[in-house]
Amino acid sequence: MLYIIIKILITACVIVAVSEIAKKSSIFAGILASIPLTSFLAFIWIYLETKNTQKIIDLSYAIMLMVIPSFAFFIILPLLLKLQTSFTLSIIISTLATAVIYWLFLELLNRFGISI
C-alpha cells in the first residue's frame, strides 16, 4: 500500500509542477509536459513491479501509435478557444472529438491488420 501511495505522490508532483510552471512560463511548462513523463513513469513502475521488458516494449509501441490521434486534442482545443468558445465547452468538445478520432484510428489500424 505504501508503494502505491508513493507512486501517486510522485506522479501528482509532476502534474502539479507543470501547472505551477505554466503560470510563469508556457514554454518551460510545455517542454516539461511534452516530454513523455507519463510514459517514463509508467515504464519505471512496470519494470519495478514485473521486471518484464516485453511489457515495456509493447506499451512503448502502443504509445507511439496513439500519439498520432492525440494531436487532435491539441489542435481542436486552441481553435475552439480562439473562436471564443467557453473553456469548459472547449475542453468537452475537444475530449469527445479526440475520443472519436481514437476510435476511428483504432478501426483503421484493425483494417490494416495492426492490433495493439
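Note that the structure is a prediction, hence the values are computed from the model and not measured.

Analysis parameters
Residues numbered from 1 in each chain as written. Predicted model: local features only at pLDDT ≥ 70, side-chain atom pairs only at ≥ 80, totals over all residues. Heavy atoms only, no water. Helix = DSSP H or I, 4+ residues; strand = E, 2+ residues; numbered from the N terminus. Contact = heavy atoms within 4.5 Å. Phe/Tyr/Trp six-rings, centres within 6.5 Å; stacked < 30°, edge-to-face > 60°. Buried < 20%, exposed > 50% of the residue type's maximum accessible area, 1.4 Å probe, protein only. pLDDT = per-residue confidence, 0-100. Expected span 1.5 Å × (residues − 1). Salt bridge = Lys/Arg side-chain N within 4 Å of Asp/Glu carboxyl O. Polar contact = N/O pair within 3.5 Å; in protein donor to acceptor, adjacent residues only side chain to side chain.

Turning our eyes to something else, we now look at the environment of leucine 106. Note that leucine 106 resides in helix H5 (residues 87-111). Each C-alpha atom, one on leucine 106 and one on serine 25, is 35 Å from the other, the two residues being 81 residues apart in sequence. What leucine 106 contacts, discounting residues up to four positions off in sequence, is Met66 and Ile116.

Here we come to the packing of aromatic side chains. If you walk through the whole model with that rule in mind, you get two aromatic pairs. Residues phenylalanine 73 and phenylalanine 74 carry aromatic rings whose centres are separated by 5.4 Å and whose planes lie at 85° to one another, so their mutual orientation is edge-to-face. Taking relative accessible area as the criterion, phenylalanine 74 reaches 60% and is therefore assigned exposed.

Here the focus is the confidence of the model for the protein chain. Within the protein chain, residue pLDDT values average 90, and 100% of them lie at 70 or more. When mean pLDDT is compared element by element in the protein chain, H5 scores highest at 96, while helix H2 (residues 26-34) scores lowest at 80.

This part takes up the environment of serine 94. One can find serine 94 in helix H5. Linking serine 94 and phenylalanine 74, residues 20 residues apart in sequence, is a C-alpha distance of 8.2 Å. What serine 94 contacts, discounting residues up to four positions off in sequence, is Phe73, Ile76, Leu77 and Leu80.

Looking now at H5. The terminal C-alpha atoms of H5, which comprises 25 residues, lie 36 Å apart, in line with the 36 Å expected from a rise of 1.5 Å per residue. Lining the buried residues of H5 we find helix H4 (53-82). Directly after H5, the chain includes glycine 113, whose backbone phi takes a positive value near 75°.

A few words on the pattern of salt bridges. For the structure shown, the criterion picks out two salt bridges. Put simply, lysine 7 and glutamate 49 hold a salt bridge, and the shortest N to O gap is 2.5 Å. With lysine 7 in helix H1 (residues 2-24) and glutamate 49 in helix H3 (residues 37-50), this residue pair connects regions lying 42 residues apart in the sequence. The salt bridge partner of glutamate 20 is lysine 23, with a shortest N-O separation of 2.9 Å. Placement of the pair is glutamate 20 and lysine 23 together in helix H1, with a separation of three residues, close to one helical turn. Owing to a relative accessible area of 63%, lysine 23 belongs among the exposed residues under this scheme.

With that settled, the discussion passes to the side chain of serine 94. Overall, the relative accessible area of 0% leaves serine 94 in the buried class. A polar contact of 2.7 Å, which involves the side chain of serine 94, links it to the backbone oxygen of serine 90.

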